[in-house]
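Spelled out from the first residue to the last, the chains are:
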Amino acid sequence: MKAIGFKTSLPITEKESFIEFETPKPIPGARDLLVKISAVSVNPVDFKIRQNSAKDTVLETPKIIGWDAVGIVEAIGEKVSLFNIGDEVFYAGDITRQGSNAEYQIIDERIVGRKPKSLSIEEAVVMPLTGVTAWEILFDRIRINPEKDKGKSILIIGGAGGVGSIAIQLAKKIAGLTVIATASRPETIAWCKEQGADFVVNHKDLIASVHEAGFQYVDFILDFVDTNSYWDIMVELIKPQGHIASITGSNDPVALNKLKNKSVSFSWELMYNRSMFETEDMQEQHNILNKIADLLDNGTIKSTLNETLTGLTADNFKKAHKLLESGKTIGKIAIKY
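(A) Layout of the pattern of salt bridges. With the rule as written, the count across this model stands at 23 salt bridges. Across the pair K152 and D149 runs a salt bridge, and its minimum N-O distance is 3.0 Å. Judged by its relative accessible area of 30%, K152 is partly exposed. Judged by relative accessible area, D149 falls into the buried class, the value being 3%. For K172, the salt bridge identified is with D198, shortest N-O distance 2.8 Å. Of this pair, K172 sits in helix α5 (residues 162-173) while D198 sits in the loop between α6 (186-195) and β10 (199-201), and the two are 26 residues apart along the sequence. Among the charged side chains, a network of salt bridges with common partners joins E136, D140, R141, E269, R274 and D281.

As structure tokens, then:
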């Protein structure tokens, strides 16, 4: 099969930052699906792993990355029970296994969902990773209860990004929250409002902007940009007994002691947690993806696709990564095979 990968971590402007190569088609294990891939999407995790996983070394076999895919099930393992050959599926992948930037991929059925019937493959493929991440951070980490928490306020830092875009929709449409999103450019402000944000505030002067919007404190905060850069701001803005959650990680210690006086909770969210550790509730990602598919099909939420590239080529992945690395992308980018 054809695949796109890299042997060493290079700047995206370098010729061999991505290379095209041939590799054997993978064979599914007991609970695996063999998926013939129709389209993939790119996420910040892609370029971060490309930049760091093969530093100062040259791999013998090119590394295949990619953690969003739509495709058709071509073969199944002996213990598969959730899918059949010929099913259209979408999923966000497993960081411990070969990625989706190839013609075929094997993937555990427990982290796969049915492709939304009403969406094109490019509209569908941008939703798994960001959709699962946003769902988990809202309902598994913060444990928002739509009945109990309806009307409470949530600040989403990074509202126009991939995760931010779907988090706005889920927070508004499913959780019933009052959504405050951050953006500063006219096009990102418009995008956040289109996703359903009640207020859009400027992240360059966030405390003043939130106060000007009429909020002294907010009940919940989601950080999709940089935990350390926004930590003191989040500590200031979070309501006593509120909850902050982040997907960004931190190279430096996070000063959790600053949350003590307000009795504030803090959570990390990593979408790969369930598959990395094969947790007892690993199949919950299958359930979440199917819920997201239903919400897309019934029109409650919409795809966050903003750009489509066509062709399984190294040049297309270079172009997509360059756009992501700029930090100015809005919504999601799909690559349709």
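(B) Up close: the environment of W268. The topology assignment puts W268 in strand β13 (residues 265-268). The class for W268 is partly exposed, based on a relative accessible area of 41%. Between the alpha carbons of W268 and I247 there is a distance of 6.0 Å; along the sequence they are 21 residues apart. For W268, the contacting residues outside a window of four places in its chain are R141, T227, S246, G249, S250 and V254.

(C) Fine view of the pairing of strand β15 (residues 332-336). The element β15 is extensively covered by neighbouring structure, given that four of its five residues are classed as buried. The pairing of strand β14 (residues 305-310) with β15 spans five bridges and is classified as parallel. Within β15, the position partnered with L305 by the bridge is K332. Taken together, β14, helix α11 (residues 314-325) and β15 form a β-α-β motif whose crossover is right-handed.

(D) Up close: the packing of helix α3 (residues 128-141) against helix α10 (residues 284-297). Interaxial distance between α3 and α10 falls to 10 Å at its minimum, and their mutual angle equals 105°. On the basis of the axis angle, α3 is roughly perpendicular to α10. Together, P128, G131, V132, W135, E136 and D140 of α3 and Q285, I288, L289, K291, I292 and L295 of α10 make up the contact between the two elements. Its residues assigned to classes, the contact of α3 with α10 shows seven nonpolar, two polar and three charged.

(E) Here's a closer look at helix α8 (residues 227-237). The complete set of buried residues in α8 reads T227, Y230, W231, M234, V235 and L237. Buried residues in α8, looked at end-on, bunch into an arc of 155°, giving them a common side. Of the residues flanking the start of α8, the one acting as N-cap is D226, its side-chain oxygen 3.1 Å from the backbone nitrogen of N228.

(F) Representation of α11 within the structure. In this model α11 runs 16 Å from its N-terminal to its C-terminal C-alpha over twelve residues, within 8% of the 16 Å that 1.5 Å per residue would give. For α11, every residue scored as buried is listed here: A314, N316, F317, K318, A320, H321 and L324. The inward-facing, buried residues of α11 contact β1 (2-5), β2 (19-22), β3 (32-42), α1 (44-52), β14 and β15. Looking one or two residues past α11, G327 carries a phi angle of roughly 75°, positive in sign.

(G) Main features of the side chain of D223. Locating D223 in the fold gives a position in strand β11 (residues 218-223). Among the polar contacts made by the side chain of D223, one reaches the side chain of T227 at a distance of 2.9 Å.

(H) Representation of the sheet that holds strand β8 (residues 153-157) in the model. The strand order β10-β9-β8-β11-β12-β13 describes an open sheet built from six strands, whose pairing is parallel. Lying at the two open borders of the sheet, with one neighbouring strand each, are β10 and β13. With strand direction ignored, the average angle separating the axes of adjacent strands in the sheet is 20°.

(I) Layout of the environment of S209. Within the secondary structure layout, S209 lies in helix α7 (residues 206-212). In sequence terms S209 and T182 are 27 residues apart; their C-alpha atoms lie 9.3 Å from each other. When near neighbours in sequence (up to four residues on either side) are disregarded, S209 contacts V201 and N202.

(J) Focus on the nonpolar core. Counting 84 residues, the largest nonpolar core has Y91, L138, I154 and L222 as its most contacted members. With seven residues, the top contributor of residues to this core is α3. When neighbours within four sequence positions are excluded, Y91 is seen to be in contact with V35, I37, W67, D68, A69, Q105, I107, I111, V112, P128 and L289. Within the second largest apolar cluster, 19 residues are counted, among which are F215, Y230, W231 and M234.

What counts, and where the lines are drawn
Residues numbered from 1 in each chain as written. Predicted model: local features only at pLDDT ≥ 70, side-chain atom pairs only at ≥ 80, totals over all residues. Heavy atoms only, no water. Salt bridge = Lys/Arg side-chain N within 4 Å of Asp/Glu carboxyl O. Buried < 20%, exposed > 50% of the residue type's maximum accessible area, 1.4 Å probe, protein only. Helix = DSSP H or I, 4+ residues; strand = E, 2+ residues; numbered from the N terminus. Contact = heavy atoms within 4.5 Å. Pairing = 2+ DSSP bridges. Right-handed = clockwise from strand over helix to strand, strands pointing away. Axes fitted to C-alpha atoms, helices over the stretch in contact; angles between N-to-C directions. Parallel < 35°, antiparallel > 145°, perpendicular 65-115°, else oblique. Nonpolar A, V, L, I, M, F, W, Y, C, P; charged D, E, K, R; others polar. Arc of directions from axis to C-beta. Polar contact = N/O pair within 3.5 Å; in protein donor to acceptor, adjacent residues only side chain to side chain. Expected span 1.5 Å × (residues − 1). Core = buried A, V, L, I, M, F, W, Y, C linked by side-chain atoms within 4.5 Å.

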